[in-house]
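Results of the structural survey
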Amino acid sequence: MSTEEVIEELEALTAILEEETVEIVNDDSERPKEISIKITPLTASEQDKQYVSLTLVITLPLAYPNAAPTLGVRNPRGLEDSAVAGLLDEMNTRCDEYVGCPVLFELIEMGREFLTTRNVPVVRCIICLSNIKEEDEFMKTECLHFFHKHCLGRYITNMQDTYSEQVAEAMSQNSNVTVKEFCVTCPVCRETIGESRYNLADLLKSEPPISEQEEPKKYTISDDVKKMQRMMQRLYTKQKEKGGIIDLEAEGKKFLVVTNSGNDEEEEKFTELSPTDYQLDDQGFPCAKTSPPKSPEKSAADLSPEENHFGSEYYRGQEYYGRGRGRGGRGRGFHKHPSSENPDERTNRNAYRKNHYLNRGKSHHQQKKGKPGAL
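Residues numbered from 1 in each chain as written. Predicted model: local features only at pLDDT ≥ 70, side-chain atom pairs only at ≥ 80, totals over all residues. Heavy atoms only, no water.

Bringing the packing of helix 2 (residues 81-97) against helix 3 (residues 104-117) into the picture now. A pair of packed helices is captured by two measures, namely the crossing angle of their axes and the spacing between those axes. Here helix 2 crosses helix 3 at 150 degrees, and the two axes come no closer than 10 Å. The angle between the axes of helix 2 and helix 3 places the two elements in the roughly antiparallel class. Here the hand of the crossing between helix 2 and helix 3 comes out right-handed. Here A83, V84, L87, E90, M91, R94 and C95 of helix 2 come into contact with helix 3, specifically with E106, L107, M110, G111 and F114. (Axes fitted to C-alpha atoms, helices over the stretch in contact; angles between N-to-C directions. Helix = DSSP H or I, 4+ residues; strand = E, 2+ residues; numbered from the N terminus. Parallel < 35°, antiparallel > 145°, perpendicular 65-115°, else oblique. Left-handed = near helix turned anticlockwise from the far one by under 90°. Contact = heavy atoms within 4.5 Å.)

Here you go:
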């Protein structure tokens, strides 16, 4: 097919479609190279009911129609990716069947039928993040984005409140500041949504999305859970009887009071204890620390005959010092009290002890060498 025949096919196609829906790109030789066609469902020209759309991109090779064109899709609105991929597969198959014949109008008809059967947006409302269902009340903006009417009404109300706060803050800081006019922007692409496209009162009166109206599922207790509950109840009762359950409320009201009992005539006194003064008794309850009782000292007269080996007369004027100096128990025995010693004896004994301490570990030759006057 010559260039003139391709141009004639495109002119016929443009006459059938609206001019703003067709965009043609020519190469250097003024031959059509790429065609972009915006396709919408068949709704008797009621644009408010057109919820899905796409732009079909057709790249014409030089040998068209003897060679199949290359197809692509841009800006699919309200369609799933899997559905768009299936449409392209069917179109490519149709192009292979129509090799040698004009196929552009056939591709457009396939796209229209595809969109008409799927004229319900399979998208998610970006405001409430819930999928839009056929029973929901939703609307389409000028930028071909879909929202629940109730969600969009709340979104616009929130934008108005934020705008009022920003204006009040700006005026409080500078009364001569220029304030921009309020306008509603799309939550997705930030394009302006004209006031003619919505009525805020009607949006707020619309029903909320069905997903928000659904009642939560009622939980039913299974037999296994009931059996486990009975078992845990018996275990709880058993632990409570044995004191294994701690009542936090009762424990929080407990106070530790320690009384120091004195003579019968004295009144009981209360003592405040620090946290380190507590210890556990035999049953595991906290109580005040008490020093172990000291055993009373026994005199010679109080000793039994088995304990008193030397008689009471022996202890008079004597004092037992326990283990003496040296190894093997040497020096064990009883010694006289130091106060009964002669001062000269005490001086000689101390000098001997000092000399023994200084010369311990030395050999006889070293001790002799260290004495004064030794060679």
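Now, onward.
Quick look at the sheet that holds strand 2 (residues 32-39) now. Read from one edge of the open sheet, four strands run 1-2-3-4, paired in antiparallel fashion. Strands at the two margins of the open sheet, each flanked by one partner only, are strand 1 (22-26) and strand 4 (70-77). Recorded for the sheet is a direction-independent mean angle of 15 degrees between the axes of neighbouring strands. Here strand 3 (residues 53-59) pairs with strand 4 via six bridges, running antiparallel. Across the sheet, residue T55 finds its bridge partner in strand 4, namely R74. Relative to strand 2, helix 1 (residues 3-16) is tilted by about 15 degrees, and along the sheet it contacts strand 1 and strand 2. Taken strand by strand, helix 3 contacts strand 2, strand 3 and strand 4, and its axis lies near 25 degrees from that of strand 2. (Pairing = 2+ DSSP bridges.)

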